[in-house]
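Fold and contact review
Spelled out from the first residue to the last, the chains are:
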Amino acid sequence: MFSLGSWLPALPGLAWGWALLDALLQGLVGACAVSVLCSLLKVYLYIQCANNPERQAEKEAMAARRPLLEPLQVLVLTAVLALVGSRVAALVVLEFSLRAVSTILSLKGAHSSQLYLLCQYSLGCGVSCGLSFLLEGAPHRSWNLALAAGLAGLLALHARRLARHVCALYELHSRQRYCGVCILLLAAGHGIPRLLRNALAVTFAVADLAAVELINRDFLSTGEAVRFWTPLSICYTLLVVYMQEESRHSTGRGAAFRTVVMRMGGLFILLLTVGRWTDILHVFVSLLGELWCLLHSGVLLESCCRQVRGGQPRATRGEGWGQPRGHPERPLGSSL
């Protein structure tokens, strides 16, 4: 077996072309990971809304068909992740990891669905960083990325089909009890947040290690590394403290957008002093990616915000999870 580039003669710009192809494939894998996350979270939130008569408007908004939006989301996010350099992507991953740990500790054992939506772009960057690090110097890098993109696309397609099936037929099938998929969700749907939590924990653990290595390889000495990591640590710590205080006073989509602007603004100021001019450009690209992810998941984000403002829903207390309205039966578990 040979790599894709070895089949063609060495022509000027050919290496750049294969590098661009690899970047697009990495971006596609990251975009598919975000698509799977959104689809599974949509399934979970839709079932919660279906079991709560007071959340029917949210359920109808989630069930609205947007056939072109999902492919557009994958295409735009693929392009953004391909354009963002590994240095800025690594910084985005580290910042979100620190913020996620702080949020989880502040929740004291509870979990919020909103955090899953806020990590969309960071997840894409984490997958891209992880692939870049794990496949660095691999002799069949392009083939490996093509295989990973194919598998990720297949998984994203099935997750999207599951979300469409649930939004269209879950209420009917859960009452009739003749659809295996809906029966499985009826019995074990409360485990979706746990599944996402474990998958994201593994993904970001690998991504954090890759991010640190990708950043450190640009330094020629320990002194240069210290001059970069010291202001970065101070900036991220202050940013996380500010975000935690902000989240206590305001919730909703507006607060999420303000958080994105503040995070990228802090990263922009930091890179003005210790970064390169290409990093500045990549920060603006990352800002567009973050905003695009929030706009695409606006209905889900609003549902999560209403859940937070209204307190724990009936299903999260283990009362009638998965049971269709009008069919009260024994509780089947708890959620977050």
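Residues numbered from 1 in each chain as written. Predicted model: local features only at pLDDT ≥ 70, side-chain atom pairs only at ≥ 80, totals over all residues. Heavy atoms only, no water.

Across its full length, the protein holds 13 helices and 0 strands. Along its sequence from the N terminus, the protein presents helices and strands in the succession α-α-α-α-α-α-α-α-α-α-α-α-α. Considering the protein as a whole, with its 336 residues, one finds that 48% of them fall into the buried category. Sequence separation of at least 24 residues holds for 78% of the intrachain contacts in the protein that already meet a minimum separation of 6. For the protein, the accessible surface area stands at approximately 16200 Å², while carbon and sulfur atoms represent 68% of it. (Helix = DSSP H or I, 4+ residues; strand = E, 2+ residues; numbered from the N terminus. Buried < 20%, exposed > 50% of the residue type's maximum accessible area, 1.4 Å probe, protein only. Contact = heavy atoms within 4.5 Å. Areas by Shrake-Rupley, 256 points an atom, 1.4 Å probe, with all protein chains shown as cover.)

Once that is clear, we can look at the packing of aromatic side chains. One pass over the structure, following the stated rule, counts 2 aromatic pairs. Judged by centre distance (5.1 Å) and plane angle (35°), the ring pair of F96 and F204 falls under tilted. With F96 in helix α4 (residues 86-107) and F204 in helix α9 (residues 192-216), this residue pair connects regions lying 108 residues apart in the sequence. For the residue pair F96 and F204, the accessibility class agrees, reading buried in each case. (Phe/Tyr/Trp six-rings, centres within 6.5 Å; stacked < 30°, edge-to-face > 60°.)

Following both chains from N to C, one finds helix α7 (residues 141-176) and helix α8 (residues 180-188) inclined at 80°, their axes separated by 9 Å at the closest point. Overall, the two elements α7 and α8 adopt an arrangement that is roughly perpendicular. On α8, the residues that touch L162, H165, V166, L169, Y170, H173 and S174 of α7 are V181, C182, L185 and L186. Taken together, the residues of the contact of α7 with α8 sort by class into 8 nonpolar, 3 polar and no charged. (Axes fitted to C-alpha atoms, helices over the stretch in contact; angles between N-to-C directions. Parallel < 35°, antiparallel > 145°, perpendicular 65-115°, else oblique. Nonpolar A, V, L, I, M, F, W, Y, C, P; charged D, E, K, R; others polar.)

Here we come to the nonpolar core. Counting 86 residues, the largest nonpolar core has L91, Y121, Y170 and L267 as the members making the most contacts within it. A total of 17 residues in this core trace back to one element, the largest contributor, which is helix α1 (residues 14-50). Other than its neighbours up to four places away in sequence, L91 contacts I215, F228, L232, Y236, L267 and L271. (Core = buried A, V, L, I, M, F, W, Y, C linked by side-chain atoms within 4.5 Å.)

Within this structure's numbering, the places UniProt gives as "transmembrane region" (unreviewed entry) are residues 72-94. Each end of residues 72-94 is marked by a C-alpha atom, and these two atoms are 27 Å apart; helix forms 91% of the span and strand 0%. (UniProt positions renumbered as here; feature names shortened; annotations may be inferred.)

A contiguous nonpolar patch, built from F133, L134, V202 and V206 and spanning about 350 Å² of accessible area, is present on the exposed surface. Of all elements in the fold, only α6 (120-134) and α9 reach the threshold of two or more residues within the nonpolar patch. Within the secondary structure, L134 is located in helix α6. By relative accessible area, L134 is classed as exposed at 57%. (Patch = residues over 30% accessible without salt bridge, like charges linked within 9 Å, V, L, I, M, F, W, Y side chains within 5 Å. Salt bridge = Lys/Arg side-chain N within 4 Å of Asp/Glu carboxyl O.)

We now examine empty space enclosed by the protein. Counted according to the given criterion, the structure contains 2 cavities of 30 Å³ or more. If you add up the space inside the largest cavity, you get close to 50 Å³. For the largest cavity, the full set of lining residues is L91, V92, E95, Y236, L239, R263, M264 and L267. Of all the elements in the fold, those that place two or more residues in the lining of the largest cavity are α4, α10 (222-249) and α11 (253-274). (1 Å grid on protein atoms, 1.4 Å probe; cavity = no way out; pocket = protein on both sides within 12 Å on 5 of 7 lines; lining within 4 Å. Points joined across faces, edges and corners; volume = space filled by probe spheres on them.)

On to the side chain of D279, then. Looking at the secondary structure, you find D279 in helix α12 (residues 277-296). A residue is classified by how much of its surface remains accessible, and D279, at 2% relative accessible area, is buried. Other than its neighbours up to four places away in sequence, D279 contacts R87, V88 and L271.

Under the counting rule described, the total for this entry stands at 0 disulfides. Left without a disulfide partner, C38 is nearest to the cysteine sulfur of C293, which lies 7.2 Å away. Free of any disulfide, C167 has its nearest cysteine sulfur in C49, 9.8 Å distant. (Disulfide = S-S within 2.5 Å.)

Looking at the protein as a whole, the pLDDT averages 78, with 80% of positions reaching at least 70. Considering each helix and strand of the protein separately, the mean pLDDT is smallest for α10, with a value of 72, and largest for α6, with 91. Note on residues 1-12: pLDDT is under 50 here. Beyond four places in sequence and across chains, it has 17 contacts. Taken together, the stretch residues 312-320 has pLDDT below 50 and engages in 25 contacts with residues farther than four places along the chain or on a different chain. (pLDDT = per-residue confidence, 0-100.)

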